[in-house]
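What follows is the residue order along each chain.
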Amino acid sequence: MIIDGKKIAENLRETLKKQIEQIPSNQPKPGLTVILIGEDPASQIYVRNKEKFANEIGINSKVLRFDSSITEEALTKEIHKLNQDREVHGILVQLPLPKHINSKNIINQIEPSKDVDGFHPINVGNLSSGNDALVPCTPYGCYLLLKEVISDFNGLNAVVIGRSNINGKPMTQLLLKENCTVTITHSKTKNLKNICQGADILVASVGIAKLVKQDWVKSDCVVIDVGINRIEENGSKKLVGDVDFENVKDKVKAITPVPGGVGPMTISCLLQNTLKAYQKINSQK
Ligand code: NAP
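Model, not experiment: these values are computed from the prediction.

Points about the sheet that holds strand E3 (residues 90-93)
Taken in spatial order, the 3 strands of this open sheet run E2-E1-E3, and their pairing is parallel. Each edge of the sheet is formed by a strand with only one pairing partner; in this case those strands are strand E2 (60-66) and E3. Across the sheet, the mean angle separating the axes of adjacent strands is 15° when strand polarity is ignored. By the bridge criterion, 7 bridges tie strand E1 (residues 31-37) to E2 in an arrangement that is parallel. When the sheet's bridge partners are listed, Ile35 is paired in E2 with Leu64. Across the sheet, helix H2 (residues 41-56) touches E1, E2 and E3, and the angle it forms with E2 is around 160°.

Below is the structure:
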């Protein structure tokens, strides 16, 4: 079975849109502000899509653009202004930042209740303590895709390839919370193929094109492919995941394609986090 991330992401946006439509007209709508620094082409596309989808479902979305020469101090001041702004419920700083700015310092300045990327240490800590948290969008999207095909996670063997702070580690926490037995692997892991062969759930977030092959997975495995790799094949450029999709798709129980799997879920989960932040901030007033 191919998991249709595009459709599932569309359905989620439709649900969020209906929830936002329920907000009385005398109340402010949820507000999301994205900070974009410099001219990185991929970041420009990501931010344009975030703004478009947010506005489509009724979130007031703004993009603050700054030249790549902005200092860490000036950027910090901008974030503090947004922290105080009552019309802003979600703040996202588009990564990567220019080399002279320390992204950890910047993320630490975001008010945790508005940290819709879920990267602030308070949200990271809450997620790993099993408390309510704003969860990073890509792993949360993976989790929602898994829930489409798995009704009972108890005791399943989950293998996560990659231990990044944005994907691998939070993914592990979400699977642990669902009572999976989780193995997290990385570049120093020995016998990766053997470990994957025991997986009921395999999440690949590596950045190596077509790393996972048919003989790495068992037939009842659910495979979630986070990787986005640009390759040239038969003279044409294409996007592929960390899993060799054509080689693996007919063997496993379910698999996400690239593109059209995890990618579309990331933005929908960002919008969900913005609505969640809005509801929480309003409930505390
Ligand atoms: P990252 O920060 O580069 O981390 C990659 C991880 O893979 C690291 O933990 C690394 O181990 C591990 N690794 C590298 N080579 C390995 C190997 N041969 N065997 C096992 N593990 C290995 O990557 P990321 O930010 O998680 O992103 C991973 C992929 O997801 C990229 O292709 C990225 O473009 C994509 N991505 C997709 C979305 C989406 O919305 N779909 C969002 C974000 C990222 P070490 O820790 O030991 O170095």
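Picking up after the structure, the text goes on.
Examining the packing of aromatic side chains
Summed over the entire model, instances satisfying the criterion amount to 2 aromatic pairs. With 5.6 Å between their ring centres and 45° between their planes, Tyr140 and Tyr143 make a pair best called tilted. Residue Tyr140 and its partner Tyr143 are located together in helix H6 (residues 137-149), separated by 3 residues, close to a single helical turn. On the basis of relative accessibility, which here comes to 9%, the residue Tyr143 falls in the buried class.

Describing a positive patch on the surface
A grouping of Lys104, Arg163, Lys169 and Lys188 is seen on the molecular surface, where their side chains present a positively charged patch. Within the secondary structure, Arg163 sits in the loop between strand E4 (157-161) and helix H7 (168-177). Overall, the relative accessible area of 42% leaves Arg163 in the partly exposed class.

A short note on the domain arrangement of the chain
Once the domains are mapped, the chain shows domain 1 (26-111) and domain 2 (137-263). Look at where the C-alpha atoms of domain 1 and domain 2 centre, and you get two points 29 Å apart.

Notes on the layout of surface pockets
Estimates place the volume of the largest pocket at around 1,300 Å³. Tyr46, Thr138, Ile228, Gly263 and Thr266 are, among the 44 residues lining the largest pocket, the residues nearest its centre. Taken together, the elements giving at least two residues each to the lining of the largest pocket come down to helix H1 (5-21), H2, E3, H6 and helix H10 (262-283). The class makeup of the residues in the lining of the largest pocket is 24 nonpolar, 13 polar and 7 charged. Residues from two domains meet in the lining of the largest pocket; each of domain 1 (26-111) and domain 2 (137-263) gives at least three. One number sums up the size of the second largest pocket: a volume of about 430 Å³. Lining the second largest pocket are 17 residues, and of these Lys104, Phe119, Val124, Asn165 and Ile166 sit closest to its centre. Put simply, the parts of the chain that give the lining of the second largest pocket at least two residues each are helix H4 (103-109), helix H5 (121-128) and H7.

Comments concerning unusual backbone geometry
The linkage connecting Leu95 with the following residue, Pro96, adopts the cis geometry, with an omega of 0°. In this structure, Pro96 sits in the loop between E3 and H4. Note the cis peptide between Val258 and Pro259, where omega equals 0°. Inspection of the secondary structure puts Pro259 in the loop between strand E10 (254-255) and H10. One non-glycine residue, Lys210, adopts positive backbone phi at about 55°.

Digging into the nonpolar core
Within the largest apolar cluster, 51 residues are counted, with the highest numbers of intra-cluster contacts made by Ile3, Leu146, Met171, Leu175, Ile201, Ile224 and Leu271. With 9 residues, the top contributor of residues to this core is H10. Counting the residues that make up this core, at least three belong to each of domain 1 (26-111) and domain 2 (137-263). When near neighbours in sequence (up to four residues on either side) are disregarded, Leu175 contacts Leu146, Phe153, Ala158, Val160, Cys180, Val182 and Ile201. Val159, Leu202, Ala204 and Val243 belong to the second-largest nonpolar core, a separate cluster that totals 16 residues.

Quick word on the pairing of strand E8 (residues 229-233)
With 5 bridges joining them, E8 and strand E9 (residues 236-240) adopt antiparallel strand pairing. Its bridge partner lying in E9, Glu233 is registered against Ser236. The hairpin formed by E8 and E9 contains 2 residues between the paired strands, and Asn234 there has a positive phi angle of roughly 50°.

Definitions and limits used
Within any chain, residue numbers begin from 1 and follow the written order of that chain's sequence. Since the coordinates come from a predicted model, pLDDT governs what is reported: local features require at least 70, and pairs of side-chain atoms require 80 or more to be given and counted, while whole-chain, interface and lining totals use all residues. Excluding hydrogens and water, the side-chain figures rest on all heavy atoms present in the structure. Here a strand pair is declared whenever DSSP counts at least two bridges between the two strands. We count a stretch as a helix when DSSP gives it H or I for four or more residues in a row; a strand needs E for two or more, and each element gets its number in order from the N terminus. Axis geometry follows a simple rule: fit a line to the C-alpha atoms, using only the stretch in contact for helices, then measure angles between N-to-C directions, giving values from 0 to 180 degrees. A contact between two residues is defined here by any heavy atoms of the two lying within 4.5 Å. Think of it this way: a Phe, Tyr or Trp ring, Trp meaning its six-membered ring, pairs with another when their centres are within 6.5 Å, and the plane angle makes it stacked under 30 degrees, edge-to-face over 60, tilted otherwise. Under the scheme applied here, a residue whose accessible area is under 20% of the maximum for its type counts as buried, over 50% as exposed, and between as partly exposed, the area being computed with a 1.4 Å probe on protein chains only. Patches in this entry comprise residues that are over 30% relatively accessible and not in a salt bridge; like charges within 9 Å are linked, as are nonpolar side chains (Val, Leu, Ile, Met, Phe, Trp, Tyr) within 5 Å. All accessible-area figures derive from a Shrake-Rupley calculation using a 1.4 Å probe, and residue coverage is judged against the displayed protein chains alone. The term salt bridge refers to a side-chain nitrogen of Lys or Arg lying within 4 Å of a carboxyl oxygen of Asp or Glu. A residue counts as positive if it is Lys or Arg and as negative if it is Asp or Glu; His and the chain ends are not included. Here the site of a charge means atom NZ of a Lys, CZ of an Arg, CG of an Asp or CD of a Glu. Where each domain starts and ends comes from a domain assignment, either automatic or drawn from a database. Points on a 1 Å grid over protein atoms alone make up a cavity when a 1.4 Å probe fits among them but cannot get out, and a pocket when they form an open set with protein on both sides within 12 Å along at least five of seven lines; lining residues each have an atom within 4 Å of a point. Grid points are joined across faces, edges and corners, and a volume is the space filled by probe spheres set on the points. Amino acids are sorted into nonpolar (Ala, Val, Leu, Ile, Met, Phe, Trp, Tyr, Cys and Pro), charged (Asp, Glu, Lys and Arg) and polar (every other residue, Gly among them). Working definition of a nonpolar core: buried Ala, Val, Leu, Ile, Met, Phe, Trp, Tyr and Cys residues. They are joined through side-chain atoms within 4.5 Å.

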